[in-house]
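Each chain, letter by letter, is given below.
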Amino acid sequence: MTEPTGIPVGAEQTLKRVSVATQLMKREKEVSVRVPSNELGSTKAAAYHEEQSPPELRKGYVYRSTERPEKTEITKSLVTDHDAFRNYELYLPMTSNCSVAESSEDSEEDMYRDAEEIERERVLLCGTSSSEYKLSIAPEMDIMEYCRKEWRGNTPVAKRMRKGYEAVAQKFASIRRVRGDNYCAFRATLFQALSQATQLPSWLQSEDFTMLPENLLSKYDWIKKWQLKQKLSRNMGEISDEIKDYLILLRKKWKNISEIKGPIEKQEACDKLFKNEEEEYSLYEALKFLMLNTAIELYNDDKNGRRVPVFSWLLFARDTSSNPCQLMHNHLNHIGHSGGLEQVEMFLLAYALQYTIQVYRLYKYSTDEFITLYPNDPEEDWPVVTLITEDDRHYNIPVRMCQETML
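Scoring rules and cut-offs
Residues numbered from 1 in each chain as written. Predicted model: local features only at pLDDT ≥ 70, side-chain atom pairs only at ≥ 80, totals over all residues. Heavy atoms only, no water. Helix = DSSP H or I, 4+ residues; strand = E, 2+ residues; numbered from the N terminus. Core = buried A, V, L, I, M, F, W, Y, C linked by side-chain atoms within 4.5 Å. Buried < 20%, exposed > 50% of the residue type's maximum accessible area, 1.4 Å probe, protein only. Contact = heavy atoms within 4.5 Å. Salt bridge = Lys/Arg side-chain N within 4 Å of Asp/Glu carboxyl O. Axes fitted to C-alpha atoms, helices over the stretch in contact; angles between N-to-C directions. Parallel < 35°, antiparallel > 145°, perpendicular 65-115°, else oblique. Left-handed = near helix turned anticlockwise from the far one by under 90°. Nonpolar A, V, L, I, M, F, W, Y, C, P; charged D, E, K, R; others polar. Patch = residues over 30% accessible without salt bridge, like charges linked within 9 Å, V, L, I, M, F, W, Y side chains within 5 Å. Areas by Shrake-Rupley, 256 points an atom, 1.4 Å probe, with all protein chains shown as cover. Lys, Arg positive; Asp, Glu negative; His and termini not counted. Charge placed at Lys NZ, Arg CZ, Asp CG, Glu CD. Phe/Tyr/Trp six-rings, centres within 6.5 Å; stacked < 30°, edge-to-face > 60°.

> Just checking my understanding: could you explain unusual backbone geometry for this structure?
Trans is the prevailing form of peptide bonds, just as negative phi is the prevailing case for residues other than glycine. In this structure, P375 follows Y374 across a cis peptide bond, with omega equal to -5°. In this structure, P375 sits in the loop between β9 (371–374) and β10 (384–389). Even without glycine at this site, D392 takes up a positive phi of about 65°. Of note, D392 is situated in the loop between β10 and β11 (395–401).

Spelled out as structure tokens, the structure:
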């Protein structure tokens, strides 16, 4: 069978729609009453009721993983999988390419969160000045208890969210809340992958794995602009060495945790890792670089006439990421700093890890997209990790699969 070398007519039309800025649509957020919680990482996806005083009115905002509202323009694109003949909606936020200064981040955060809430989170997340005791994954709690605390209103949004949580509760008994700092998609996915790891993935066993930074830098000079953990990049040798250290750490931690047999001991090892801020963020840098490597492979495959997944066309159809260099400059370098993962980048993360990321999208309850797979046509032998989102921005973790579900 001859592999397709071009974009099918339907997909080509989709890509044109995605790239035309004049087709932007504002996504309307329904208004709901949510009760502020002292727990960690609340997504705060709904706004206060219209009857609240004007300063409290937040209608029309989309909440990003920074836990504060941000006006966002989105393009709603209907993507047709030409292999499986399946349709699904993909929301591609049209975001700015500019970095946000730290002082700007702090002032914007203060605009939408009162002093008491900010201080409450600092105490909960930091507790101490030591980086080893910051809480990235909260202890588990009953999923319906969490739902009742977060969604007490009677608006359509609140009712839909409760129905969504009830459906998730048929499969999972508890939820663990994830710290929201623009790394939450990485944090939730990696935590789930390590929690259930029983062996080292084949791509981590490759002898050339740790040579990846050196090999790519020798081919693509623009990678020297890679931003390392909120620091300006140095010379190519330092970049290569640092990223190599991150990749070595990723393989070491994955290997050590996968070799732990007892589920309790394995969970304790994961909890310990995600309390060590220095190691945790180093792992996220490794994941970002693996995403860049995967993007380069997909881009080159497409240029050489090889078959690529549909999301790859969408990834490079954006005006801000028409090639891997732009993807790095305008998107990957900003992840964790001034932005999180966009939905199309969730596909890229899944391909980089060779994992299927299954997401309960609660605001899509009662639609075909309530449970979304990244990618939507995964390889059969890829392990599956499960996340929960209320808004496609912040992700939490469902745990303790119900016994009847396991049977």
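After that view of the structure, there is still more to cover.
> I keep staring at the nonpolar core and nothing clicks. Help me out?
Soluble, globular proteins show a tendency: their nonpolar side chains are buried together. If you look at the biggest cluster of nonpolar residues, it comprises 71 residues, and the most contacted ones within it are F186, L190, W226, L250, W254, L290 and I357. Take this core: its biggest share by element is 12 residues, from helix α11 (residues 277–303). Discounting chain neighbours no more than four positions away, the residues touching W254 are L190, A193, L194, A197, Q199, L200, P201, W203, L204, L353 and Y355. Core analysis: the second largest hydrophobic core is formed by 19 residues, M144, Y165, L362 and I388 among them.

> Would you mind going over the pattern of salt bridges with me for this structure?
Pairs can form between side chains of opposite charge whenever their charged atoms are close. If you walk through the whole model with that rule in mind, you get 15 salt bridges. A salt bridge links R361 to E369; the shortest N-O distance between them is 3.7 Å. For the pair formed by R361 and E369, the shared burial category is buried. By sharing partners, the salt bridges in this structure join R361, K364, E369 and D392 into a single network.

> I'm lost on the packing of helix α12 (residues 310–317) against helix α14 (residues 343–353) in this one. Help?
The relative placement of two packed helices comes down to the angle between their axes together with the axis-to-axis distance. Running from N to C, α12 and α14 point in directions that differ by 125°, and their axes come no closer than 9 Å. It follows from the interaxial angle that α12 and α14 lie oblique. Here α12 and α14 pass one another in a crossing that is left-handed. Taking contact as the criterion, the partners of F311, L314 and L315 in α12 are, on α14, V344, E345, F347, L348 and Y351. Broken down by class, the residue content of the contact of α12 with α14 amounts to 7 nonpolar, no polar and 1 charged.

> Explanation requested: a negative patch on the surface in the structure shown.
On the surface, a cluster of negative charge is made up of D377, E379, E380 and D381. Among the structural elements, E379 can be located in the loop between β9 and β10.

> Quick question: what am I supposed to make of the environment of L314 here?
In this fold, L314 is placed in helix α12. Taking the C-alpha atoms as reference points, L314 and E345, separated by 31 residues in sequence, lie 9.8 Å from one another.

> Looking at this structure, how should I read the packing of aromatic side chains?
Within a pair of aromatic rings, the relevant descriptors are the distance that separates the centres and the angle that separates the planes. In the structure shown here, the tally under the stated rule is 20 aromatic pairs. Aromatic pair Y299 and F316: ring centres 5.1 Å apart, planes at 65°, arrangement edge-to-face. Of the two residues, Y299 sits in helix α11 while F316 sits in helix α12, which places them 17 residues apart along the sequence. Since its relative accessible area comes to 13%, F316 is described here as buried. Arranged with centres 4.9 Å apart and planes meeting at 80°, the rings of F347 and Y374 form a pair that is edge-to-face. With F347 in helix α14 and Y374 in strand β9, the pair connects residues that are 27 residues apart, well separated along the chain. Of the two residues, F347 and Y374, neither departs from the other in class, the shared state being buried.

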